[in-house]
Amino acid sequence: MEAPLKDLLQQIARLSETYANLADRLSQAAKQLQDSGFPPSDSLLQEISAYSRNFAEVQKKALELNKSALAPGEIASLKDIQNLVETATASAGKAGIRDAALKVLDRVLAIAHREQSDFAPLQSVHGRARELHRAISESAPTQLHSDAESLVGGKHPVAAVLALVEQQDKLDDEEWVILEETVSAAFGKQIAVAISRGKLTVSQMVKAAPAKVEPVFQAATEPKISTEPLPEVIIIPSGNAAPKQVTVAPQIQILESPAATAPMHEVIIVPSVEVPKSLQATGFGNIVFGAPREIQQVPVEGGLGLKVLAHIQGIGDRTFSAQEYAGTKGKGLRVEGFQINIEPQIPGLTVEYMAHVEGVGDTPWIGEGELAGFRGQAKRIEGFAVRLSGPQADKYDVFYTAHIQNIGDTNVSSNGEYCGTRGKGLRIEGIKVWIAPSASSQVATPVGLKVLAHIQGIGDRTFSDKEYAGTKAQGRRVEGFQIKIEPPVPGLNLQYMAHVEGVGDTAWIEEGELAGFRGKAKRIEGFAARLTGVKADNYDVFYTAHIQNVGDTPVGSNGQYCGTRGKGLRVEGMTVWVEANPFI
């Protein structure tokens, strides 16, 4: 459409150059006709006729190209036609930007995590991309959405995510830093770390459908309990003697041996249905018929029994036990209320809790068994805290986490610490609560570590605590590392920082995140680690490093810096471990 519009503008320009001179000559001819009866010349009449034909042709083309509902009489002048065509030309340019912006958003929506289908930071990016796709698609042709040009130009945070994922090998350090800062500021550091680790990729394109935008989440409906007997069970023996034809419908689950190394004697296919409680215990070995709502979890060693009731959007009240996740994930359903009971009761020990509720704010601290939040008012819980009271309270600690919209699982909080958000409009979709004897009343749990080192020319390698993570006498730099307590210890977390070539000291980051970089050939020159959480005082973290031209450093601990600064010397390996504090 752009070429015909350009040609039409050129025709209008030629007519514009003609009509002023033609008007002067017509004025003179009219005066002569009026004064002396002298008629206009044949050449003037021919020019007038040609101008009239050209005007009608331009007028017709302008109305056709614009698909206008206007009648020719409503476009009465050449100026009217010019305005109409210029408006169409501007709309065509805006349409080009609009289409390009939609293509950018389509590619963003095709980004996937290689390992986690429900990676919360990426879901946040997708949610923003869907909002923009809807707004840009529904905008008027003559109006350009305010974010369209920044999407096409790569300056929008959503476009920055796509650029980092698709072009990370082509970006120089300055471009990378600018895009990474843009992404981190808009969507959090976690997604920037995932991109730098190569965890995100653009999968097969999925064309968005602007005309019919489906909701991101749909509330689950209450399943109906069937009292009808189970349909016939199909048994497929292992080996080659399978039935000639077995149709597995979508509602069918295949239950297999839970261990990959265990021999597979039989595969039993049964409908995935919910059955009355009288049938829930029916089964044998590893096969269980039915899908009971409440699963009795094995209590954590030394932990106390809890009953946690969660009132979930569209589902209602559901009851869970200690350390059992109370809520939903991936369904967009808010927790609207909860209550906690110690069960069985412990004399001298009670639990209290509060909540931050949509439109209400912080509730007072309430006693166990009372509902924090509301039923039937569609108000989301956005945060909460739990604490213990009574003469026995100092002998126990209470721990809790939440799964939050667009954020994911929070770190473990304890003993009255607030868990969640305020003022961001983010719903809690599930909580987990448990109580354990306090550190002062039990022997310290041994702490294991998993240390990942990204080594020059080798890549990622994983080591355990007290194991040397790196190389010696090979001249290879450690370019990044991450440390994680494994298995997790409730109430104990780890943080670390690094001094990186060309960057300097990083901020303190949480366990499991990468300190340093992959693919940028930047050496780690030093680092430190420290423990956090209610049990941090019960342990010490120790570490050493092997430094270029220096060798092994003395042992550092609990946040002390280990390495060099400003000397250009690489860390070639490191050793990290955690021990119980002997004075606690």
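Just so it is clear, the structure is predicted and the values come from calculations on it, not from any experiment.

Colleague: So what about the overall build of the protein? Which residues, and what values?
Modeller: Across its full length, the protein holds 9 helices and 35 strands. A buried classification covers 41% of the 584 residues belonging to the protein. Long-range pairs, those at least 24 residues apart, make up 63% of the contacts in the protein with a sequence separation of at least 6. Counting only carbon and sulfur atoms, one obtains 51% of the accessible surface of the protein, whose full area is about 31,400 Å².

Colleague: So what's going on with the sheet that holds strand β11 (residues 335–342)? Residues and values would help.
Modeller: Across the sheet, 4 strands lie side by side as β9-β8-β11-β15; this open sheet has antiparallel pairing. Only two strands of the sheet have a single partner each, and these edge strands are β9 (316–321) and β15 (372–373). Relative to β9, strand β8 (residues 306–312) runs antiparallel, the two being bridged by 6 bridges. Counted as the bridge partner of Ile 312 is Gly 316 from β9.

Colleague: Which residues make up the environment of Glu 166, and what values go with them?
Modeller: With respect to the helices, strands and loops of the structure, Glu 166 is situated in helix α6 (residues 157–167). Spatially, the C-alpha atoms of Glu 166 and Thr 201 are 7.6 Å apart, while their sequence positions differ by 35 residues. When residues no more than four places from it in sequence are discounted, the contact partners of Glu 166 are Arg 107 and Val 202. Reaching out from Glu 166, the side chain makes a polar contact with the side chain of Arg 107 at a distance of 2.5 Å.

Colleague: Quick rundown of the nonpolar core? Include the residues and the values.
Modeller: Counting 41 residues, the largest nonpolar core has Ile 340, Phe 384 and Ile 431 as the members making the most contacts within it. Taken together, the elements giving at least two residues each to this core come down to β8, β11, β12 (350–357), β16 (381–389), β17 (396–404) and β21 (428–437). Each residue touching Ile 431, except ones within four places of it in the same chain, is listed here: Val 308, Glu 324, Tyr 325, Ala 326, Phe 338, Phe 384, Thr 401 and Ala 402. Core analysis: the next-biggest nonpolar cluster, separate from the first, contains 38 residues, Ile 455, Ala 469, Ala 529 and Tyr 539 among them.

Colleague: I'd like a rundown of the pairing of β21, residues and numbers included.
Modeller: Extensive coverage of β21 is indicated by the burial of 9 of its 10 residues. Taken together, the 2 bridges between strand β10 (residues 326–327) and β21 define a ladder with antiparallel strand orientation. Note that in β21 the partner of Gly 327 across the bridge is Gly 430. Relative to β21, β17 is paired through 9 bridges, and the arrangement is antiparallel. By the bridge assignment for β21, Asp 397 is matched with Ala 436.

Colleague: How would you sum up the packing of helix α7 (residues 173–187) against helix α8 (residues 189–196)? Please name residues and give values.
Modeller: Remark: α7 packs on α8, axes separated minimally by 7 Å, with the N-to-C direction vectors making an angle of 140°. By the criterion of interaxial angle, the relationship of α7 to α8 is oblique. Where α7 approaches α8, its residues Trp 176, Glu 180, Val 183, Ser 184 and Phe 187 are matched on the opposing element by Lys 189, Ile 191, Ala 192, Ile 195 and Ser 196.

Colleague: Just give me the short version of unusual backbone geometry, but keep the residues and values in it.
Modeller: Cis geometry marks the peptide bond from Glu 343 to Pro 344; its omega dihedral reads 5°. By the element assignment, Pro 344 lies in the loop between β11 and β12. Cis rather than trans, the peptide bond between Glu 486 and Pro 487 has omega equal to 0°. In this structure, Pro 487 sits in the loop between β25 (478–485) and β26 (493–500). Its identity as a non-glycine residue notwithstanding, Gln 323 has a phi of 65°, on the positive side. With respect to the helices and strands, Gln 323 occurs in the loop between β9 and β10. Positive phi, normally seen in glycine, also occurs at Ala 521, with a value near 55°. Residue placement: Ala 521 occurs in the loop between β29 (515–516) and β30 (524–532).

Colleague: With reference to specific residues and values, describe the pattern of salt bridges.
Modeller: Per the stated rule, a full pass over the model turns up 25 salt bridges. Ionic pairing is found between Arg 107 and Glu 166, a salt bridge with its closest N-O pair at 2.5 Å. Highlighted residues: Arg 107 in helix α3 (residues 78–109) and Glu 166 in helix α6, separated in sequence by 59 residues. Here Arg 375 ties to Asp 317 by a salt bridge, and the two come within 2.9 Å at their closest N and O atoms.

Colleague: Tell me about the sheet that holds strand β22 (residues 449–455), residues and numbers included.
Modeller: Read from one edge to the other, the open sheet built from 4 strands follows the order β23-β22-β25-β29, with strand pairing classed as antiparallel. A strand with exactly one partner marks an edge of an open sheet, and here the two such strands are β23 (459–464) and β29. Sheet topology places β25 next to β29; 2 bridges connect them, and they run antiparallel. When the sheet's bridge partners are listed, Phe 481 is paired in β29 with Ala 515.

Colleague: Pulling in residues and values, what's your account of the packing of aromatic side chains?
Modeller: Overall, the coordinates contain 9 aromatic pairs when judged by the stated rule. Aromatic side chains Phe 384 and Tyr 400 sit 5.4 Å apart centroid to centroid with 50° between the ring planes, which places their arrangement in the tilted category. Taken together, the positions of Phe 384 in strand β16 and Tyr 400 in strand β17 put the pair 16 residues apart, joining distant regions of the chain. With relative accessibility at 0%, the residue Tyr 400 sits in the buried group. The rings of Phe 338, Tyr 353, Phe 384 and Tyr 400 are connected pair by pair, giving a single aromatic cluster. Lying across the ring of Tyr 561, Arg 565 places its NZ or CZ 3.6 Å from the centre.

Colleague: Talk me through the packing of α6 against α7; I want residue IDs and the actual numbers.
Modeller: When two helices pack together, you describe them by how their axes are tilted relative to each other and by the distance separating the axes. Two elements in contact, α6 and α7, have axes separated by 9 Å at closest approach and are oriented at 130°. As the angle between them shows, α6 and α7 are arranged oblique. In this structure, α6 crosses over α7, and the sense of that crossing is left-handed. Residue-level inspection shows Pro 157, Val 158, Ala 160, Val 161, Ala 163 and Leu 164 of α6 in contact with α7, the latter providing Trp 176, Leu 179, Glu 180, Thr 182, Val 183, Ala 186 and Phe 187. Of the residues contributing to the contact of α6 with α7, the split by class is 11 nonpolar, 1 polar and 1 charged.

Colleague: Tell me about the side chain of Glu 525, residues and numbers included.
Modeller: If you trace the backbone, Glu 525 turns up in strand β30. Of the residues examined, Glu 525 reaches a relative accessible area of 5% and is grouped as buried. When neighbours within four sequence positions are excluded, Glu 525 is seen to be in contact with His 499, Glu 501, Ile 547, Tyr 561, Gly 563, Thr 564, Arg 565, Gly 566, Gly 568, Leu 569 and Val 571.

Calculation rules
- In this numbering scheme, every chain counts its residues from 1 along its sequence in written order.
- In keeping with the predicted nature of the model, local features appear solely for residues at pLDDT of at least 70, side-chain atom pairs appear and are counted solely at 80 or more, and the whole-chain, interface and lining totals rest on all residues.
- Processing note: side-chain calculations cover all non-hydrogen atoms of the structure and skip hydrogens and water entirely.
- Only DSSP runs of H or I reaching four residues or more are called helices, and only runs of E reaching two or more are called strands; each is numbered from the N terminus.
- Remark: exposure states derive from per-residue accessible area (1.4 Å probe, protein chains only) relative to the maximum for the residue type, with buried under 20%, exposed over 50%, and partly exposed in between.
- Contact between two residues is taken to exist if any of their heavy atoms lie within 4.5 Å; hydrogens are not considered.
- Each accessible area is a Shrake-Rupley estimate made with a 1.4 Å probe; only the visible protein chains count as cover when residues are assessed.
- For two strands to be treated as a pair, DSSP must find at least two bridges joining them.
- Identification of polar contacts relies on pairs of N or O atoms within 3.5 Å, with a donor-acceptor requirement for protein atoms, meaning one able to donate a hydrogen and the other able to accept it, and with residues adjacent in sequence counted only if both atoms are side-chain atoms.
- Residues enter a nonpolar core if they are buried and are Ala, Val, Leu, Ile, Met, Phe, Trp, Tyr or Cys, with the set joined through side-chain atoms within 4.5 Å.
- With axes taken as lines fitted to C-alpha atoms, and helix axes fitted only over the stretch in contact, angles between N-to-C directions fall between 0 and 180 degrees.
- Roughly parallel means an angle under 35 degrees; roughly antiparallel, over 145; roughly perpendicular, 65 to 115; everything else is oblique.
- For this analysis, a salt bridge means a side-chain nitrogen from Lys or Arg found within 4 Å of a carboxyl oxygen belonging to Asp or Glu.
- Paired rings are identified among Phe, Tyr and Trp, the last through its six-membered ring, by centres lying within 6.5 Å, and are further divided according to the angle between planes into stacked (under 30 degrees), edge-to-face (over 60) and tilted (the rest).
- In this scheme, the term charge over a ring applies when either NZ of a lysine or CZ of an arginine sits within 6 Å of the ring centre and within 35 degrees of the ring normal.
- Crossing handedness is read from the near helix: turned anticlockwise from the far helix by less than a right angle, it gives a left-handed crossing, and turned clockwise, a right-handed one.
- Residue type decides the class: Asp, Glu, Lys and Arg count as charged, Ala, Val, Leu, Ile, Met, Phe, Trp, Tyr, Cys and Pro as nonpolar, and the leftover types, Gly among them, as polar.

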